[in-house]
Amino acid sequence: MDEELDERPPTRHLTEAECWQRIIEAPYGRIAAAAGGDVDIFPVNHVVAHDRTIVFRTSPGTKLLELTIHHHVAFEVDGADDHEAFSVVVKGDAVEFDRQSEVAEAERLGVEPWAPETKDRWVRITPTEVHGRQFERPRP
């Protein structure tokens, strides 16, 4: 499509409230973590806790190991329909937690893993920045 003829409104930055609403409504997100000079991206289903932290369950493995080595992560949700597309990125620190009171509170949030493996480890992402954008999709 020729940009000079593109009459769509420009890309719009989402407000922080709009970003959080998109994160809450997203059925899953992706967490990007780096360890040993390599970056990996993992899909996770998640919930947003009352304190605007992102909580998910996982099992022992690469993801948990990387989060233990390097806490700083990026978390992303995106979506599209026939009319618009959006992307929200959260940067923050991910920490595993296992205190019974914290686990009980997290369980009340209702995050249930989609994958059939046992996901008995809990991780919380505390955001340091949140930003997003949306734009209208081209019409056919």
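Just so it is clear, the structure is predicted and the values come from calculations on it, not from any experiment.

Participant: Just checking my understanding: could you explain the overall build of the protein for this structure?
Facilitator: Regarding its fold elements, the protein presents 3 helices and 8 strands. Burial analysis of the protein (140 residues in total) assigns 34% to the buried set. Within the protein, contacts between residues at least 6 apart in sequence are counted, and of these 70% link residues at least 24 apart. Each charge class in the protein was averaged separately, 16 positive and 28 negative side chains, and the resulting centres sit 3 Å apart.

Participant: What's the story with the pattern of salt bridges in this structure? I'm lost.
Facilitator: A side chain of one charge can pair with a side chain of the opposite charge if their charged atoms are brought near each other. Summed over all chains, the structure comprises 10 salt bridges. Across the pair glutamate 18 and arginine 12 runs a salt bridge whose closest N-O atoms are separated by 3.0 Å. Here arginine 12 falls in the partly exposed class, since its relative accessible area comes to 33%. A salt bridge links arginine 124 to glutamate 102, with the shortest nitrogen-to-oxygen separation between them at 3.4 Å. On the criterion of sequence distance, the pair formed by arginine 124 in strand β8 (residues 121-136) and glutamate 102 in helix α3 (residues 100-109) is long-range, its members being 22 residues apart. Glutamate 102 gets classed as partly exposed once you look at its relative accessible area, which sits at 21%.

Participant: Is there a simple way to think about helix α2 (residues 62-69) in this case?
Facilitator: Because an α-helix completes one turn every 3.6 residues, residues spaced three or four positions apart along the sequence face the same direction. Every buried residue of α2 is listed here: Lys63, Leu64, Glu66 and Leu67. Taken end-on, α2 shows its buried residues confined to a sector of 160°, consistent with a single buried face. In α2, those exposed residues whose orientation departs by more than 90 degrees from the buried face are Leu65, Thr68 and Ile69. On its buried side, α2 packs onto β2 (29-35), β3 (38-44), β5 (54-58), β6 (72-80), β7 (84-97) and β8.

Participant: Quick question: what am I supposed to make of the packing of aromatic side chains here?
Facilitator: Under the criterion given, the structure shown has 2 aromatic pairs. Relative to tryptophan 122, the ring of phenylalanine 97 lies with its centre 6.2 Å away and its plane at 35°, an arrangement referred to as tilted. In this pair, phenylalanine 97 is assigned in strand β7 and tryptophan 122 in strand β8, connecting sequence segments 25 residues apart. Its relative accessible area of 5% is what places phenylalanine 97 among the buried residues. A cation sits over an aromatic face here: arginine 22 above phenylalanine 86, 4.6 Å from the ring centre. One Lys or Arg, arginine 124, reaches over the ring of phenylalanine 97 and ends 4.1 Å from the middle of that ring.

Participant: Is there a simple way to think about the side chain of glutamate 66 in this case?
Facilitator: Looking at the secondary structure, you find glutamate 66 in helix α2. It turns out glutamate 66 is buried and unbridged, and the closest side chain with the opposite charge, lysine 63, is 10.0 Å from it. Every residue in contact with glutamate 66, bar those within four places of it in the chain, is listed here: Ala33, Ala34, Ala35, Asp40 and Phe42.

Criteria and cut-off values
- Every residue gets a number counted from 1 within its own chain, in the order that chain's sequence is written.
- For a predicted model such as this one, the threshold for reporting local features is a pLDDT of at least 70, and the threshold for listing and counting side-chain atom pairs is 80 or more; totals across whole chains, interfaces and linings nevertheless cover every residue.
- Hydrogens and water molecules were not included; the side-chain quantities draw on all heavy atoms of the structure.
- Secondary structure counts use DSSP, requiring at least four H or I residues in a row for a helix and at least two E residues in a row for a strand, with both numbered from the N terminus.
- Each residue's exposure class comes from its accessible area (1.4 Å probe, protein chains only) as a fraction of the maximum for that residue type: buried when under 20%, exposed when over 50%, partly exposed otherwise.
- Contact definition: two residues touch when any of their heavy atoms are within 4.5 Å.
- A positive count includes Lys and Arg, and a negative count includes Asp and Glu. His and the chain ends are not counted in either.
- Working definition for charges: the position is that of NZ of Lys, CZ of Arg, CG of Asp or CD of Glu.
- By definition here, a salt bridge exists when the distance from a side-chain nitrogen of Lys or Arg to a carboxyl oxygen of Asp or Glu is within 4 Å.
- Throughout, the arc means the angular range of directions from the helix axis out to the C-beta atoms.
- Pairs were defined over the aromatic rings of Phe, Tyr and Trp, the Trp ring being its six-membered one, requiring ring centres within 6.5 Å. Orientation was assigned from the angle between planes: stacked under 30 degrees, edge-to-face over 60, tilted for the rest.
- By the criterion adopted, a ring carries a charge over it if an Arg CZ or a Lys NZ lies within 6 Å of its centre and within 35 degrees of its normal.

Keep in mind these numbers describe shape, not what the thing actually does.
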